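Here is how the chains run, residue by residue.
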Amino acid sequence: MKVNIEDYRRVARRRLPRIFFDYLDGGASRETTMAANLAAFQNVPLTPRVLVDVSQRNLETQVAGADSTLPVMLGPVGFLGMLRLGGERAAFRAAARAGIAACLSSFSVDRLEDVFAQGASGAFQLYVLKDRERTLAILERARNSGIGTVFVTVDTSVAGRRERDLRNGFRLLSRPNLKLLADFACHPFWLADMARNPRPQLSVMEGVAAAGGNILSQATFLASQIDSSFDLEGFAWLRRQWAGRLIVKGIMCPGDARRAVDAGADGIVVSNHGGRQLDGAAASLDALPVIAAAVGGHTEVLFDGGIRSGEDVLKALALGADVCLLGRAYAYGLAAKGEAGVTGVLDIIRAQMDIAMALIGCRSIAEVKTLGRAALGG
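Residues numbered from 1 in each chain as written. Predicted model: local features only at pLDDT ≥ 70, side-chain atom pairs only at ≥ 80, totals over all residues. Heavy atoms only, no water.

A. View of the nonpolar core. Within the largest apolar cluster, 117 residues are counted, with the highest numbers of intra-cluster contacts made by Leu74, Leu288 and Phe303. Ranked by the residues each element gives to this core, the list is headed by helix H17 (residues 339–359), at eight residues. Those residues in contact with Phe303 that lie beyond four places of it in its chain are Phe41, Val269, Val270, Ser284, Leu285, Leu288, Ala316, Ala321, Val323, Cys324 and Leu325. Ranked by size, the runner-up nonpolar core spans eleven residues in total, among them Met73, Ala123, Leu302 and Leu325. (Core = buried A, V, L, I, M, F, W, Y, C linked by side-chain atoms within 4.5 Å. Buried < 20%, exposed > 50% of the residue type's maximum accessible area, 1.4 Å probe, protein only. Helix = DSSP H or I, 4+ residues; strand = E, 2+ residues; numbered from the N terminus. Contact = heavy atoms within 4.5 Å.)

What follows is the structure, encoded as structure tokens:
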């Protein structure tokens, strides 16, 4: 029986080859920022409140103007299809069944058309590429798939130095070597699953001959094509190209948040990329309050970084978030148990939120946000 997210993480670690578990689980350099994301929640206590009628509680809210059963959505995580066959489709099905939205990564294995053909609700995460025509082609695929919201990731002007990935050859190898093949063979359940799709591809690299013919070379190529010159002028260009909702992901200071909103962003994501980019950066939770104070009320504030429980979600809401993105948490569930694992993770978060909300004397998400810092100790 899985009772918390760490239970799913342990199963995922046993089931996955090291190259894919380390990609999912690792961070930049010494991983101090990744650890800080987790520690920040431990340093923020919740305050129990009593003599309040909490017999009726409601976790529903609105996310991007749409009803959601929880103030969370599945954030973009790359290579879900290498954790489980059909991983992106499975995650979106679990999200839809739970009544929440999801965001598809540019580094998805399942074709974005196939993911959204399921009737899934959600968004697409975009990296602006050096080749703007290729970027426009990706946007056109998203538009034709009925996607109304794009998250543009802005904190990857260069890739963080992820030491686990360097050791494993992730995005360095163009094809599996003997060491990698041996590791695959030591994970027979994963291997049997992947054998049903012997030539996985990155969806957005379809038809791009220069990217190569396998997912390792395609990942390397796509990462090399992210435009490091993308700035406010580039964002203005993107805003003109996309008439739907445009969310800026990767904000860690209030000045950047205000500039993004002034430039036409429909929302921002407070995020340090899960500690995978700049090691030594502040925890996302520590950056949240001042950013929310700078733009809260003028735009939707989403939060990403280190959530491993329903209590963590409540803490982020109390500090100014409107919506929380799950990342590693649901990906562990997917790797461990497939679609059922994502559902299991969401059920855990829902149960933890419901109990904790009652114990802090709140009956709704609106009350948590209104109570704000009074819900927290200190």
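B. Structural context of the environment of Glu339. Looking at where Glu339 falls in the secondary structure, it is placed in helix H17. Spatially, the C-alpha atom of Glu339 lies 9.4 Å from that of Ala95, the residues being 244 residues apart in sequence. Not counting chain neighbours up to four residues away, the residues in contact with Glu339 comprise Ala90, Arg93, Ala94, Arg97 and Leu334.

C. Representation of unusual backbone geometry in the model. Positioned with a positive phi, Ser29 is a non-glycine residue whose angle comes to about 50°. Residue placement: Ser29 occurs in the loop between helix H2 (18–25) and helix H3 (32–42). Ser29 sits in the partly exposed class, given a relative accessible area of 26%. With phi around 60°, Leu51 is a residue other than glycine that occupies positive phi space. With respect to the helices and strands, the residue Leu51 is situated in the loop between H3 and strand E1 (61–63).

D. Summary view of the packing of aromatic side chains. For the structure on display, the rule yields eleven aromatic pairs. Relative to Phe107, the ring of Phe79 lies with its centre 5.7 Å away and its plane at 40°, an arrangement referred to as tilted. Here Phe107 lies in the loop between strand E4 (102–104) and helix H6 (112–117) and Phe79 lies in the loop between strand E3 (72–74) and helix H4 (80–83), a separation of 28 residues in the sequence. Each member of the pair, Phe79 together with Phe107, is buried. Consider the rings of Phe184 and Trp190, whose centres lie 4.8 Å apart with planes at 45°: the pair is tilted. Neither Phe184 nor Trp190 differs from the other in exposure class; each is buried. Ring-pair connections join several aromatic residues into one group, and the members of that group are Phe20, Tyr23, Phe79, Phe107, Tyr127, Phe170, Phe184 and Trp190. The ring of Trp237 has Arg132 lying over it, and the distance from NZ or CZ to the ring centre is 4.7 Å. (Phe/Tyr/Trp six-rings, centres within 6.5 Å; stacked < 30°, edge-to-face > 60°. Lys NZ or Arg CZ within 6 Å of the ring centre and 35° of its normal.)

E. Representation of the environment of Lys337 within the structure. Along the polypeptide, Lys337 turns up in helix H16 (residues 328–337). Given the relative accessible area of 45%, Lys337 is considered partly exposed. Considered as a pair, Lys337 and Tyr8 are 329 residues apart in the sequence and their alpha carbons are 8.1 Å apart. With residues up to four places along the chain from it excluded, the contact list for Lys337 reads Lys2, Tyr8 and Arg84.

F. Expanded view of the pairing of strand E5 (residues 122–126). Burial analysis of E5 places four of its five residues in the buried class, which makes it a mostly covered element. Relative to E5, E4 runs parallel, the two being bridged by three bridges. Note that in E5 the partner of Leu104 across the bridge is Phe124. Pairing analysis gives three bridges linking E5 to strand E6 (residues 149–153), with the strands arranged parallel. In the strand pairing of E6, Phe124 is matched with Val150. (Pairing = 2+ DSSP bridges.)

G. Broad picture of the environment of Ala236. With respect to the helices and strands, Ala236 occurs in helix H12 (residues 232–241). Sequence spacing of Ala236 and Ala260 is 24 residues, and the spatial spacing of their C-alpha atoms is 9.8 Å.

H. Representation of helix H7 (residues 132–144). Between the first and last C-alpha of H7 there are 18 Å, a value that for 13 residues agrees with the 18 Å anticipated at 1.5 Å per step. Taken as a whole, H7 has its buried residues at Thr135, Ile138, Leu139, Arg141 and Ala142. Looking straight down H7, one finds its buried side chains confined to an arc of 155°; they lie on one side. Seen from the buried face of H7, the exposed residues on the opposite side, beyond 90 degrees, are Glu133 and Asn144. Looking at the buried positions of H7, the neighbouring elements they touch are H6, E5, E6 and H12. Structurally, the start of H7 carries an N-cap: the backbone nitrogen of Glu133 is 3.0 Å from a side-chain oxygen of Asp131. Following H7 by one or two positions, Gly146 has its phi on the positive side, about 85°. (Expected span 1.5 Å × (residues − 1). Arc of directions from axis to C-beta. Polar contact = N/O pair within 3.5 Å; in protein donor to acceptor, adjacent residues only side chain to side chain.)

I. Examining the pattern of salt bridges more closely. One pass over the structure, following the stated rule, counts 27 salt bridges. Each of Glu6, Asp7, Arg9, Arg10, Asp22, Asp25, Glu31 and Arg164 takes part in a single network of salt bridges with overlapping partners. (Salt bridge = Lys/Arg side-chain N within 4 Å of Asp/Glu carboxyl O.)

J. Spotlight on the side chain of Asp304. The residue Asp304 is located in strand E9 (residues 300–304) in this model. For Asp304, the side chain forms a polar contact with the side chain of Ser271, separated by 2.6 Å.

K. The side chain of Ser145, seen in detail. Here Ser145 lies in the loop between H7 and E6. For Ser145, a relative accessible area of 18% puts it in the buried group. A distance of 2.9 Å separates a polar atom in the side chain of Ser145 from the backbone oxygen of Arg141. With sequence-adjacent residues up to four places away left out, Ser145 is seen in contact with Leu112, Glu113 and Phe116.

None of this, on its own, says anything about what the molecule does.
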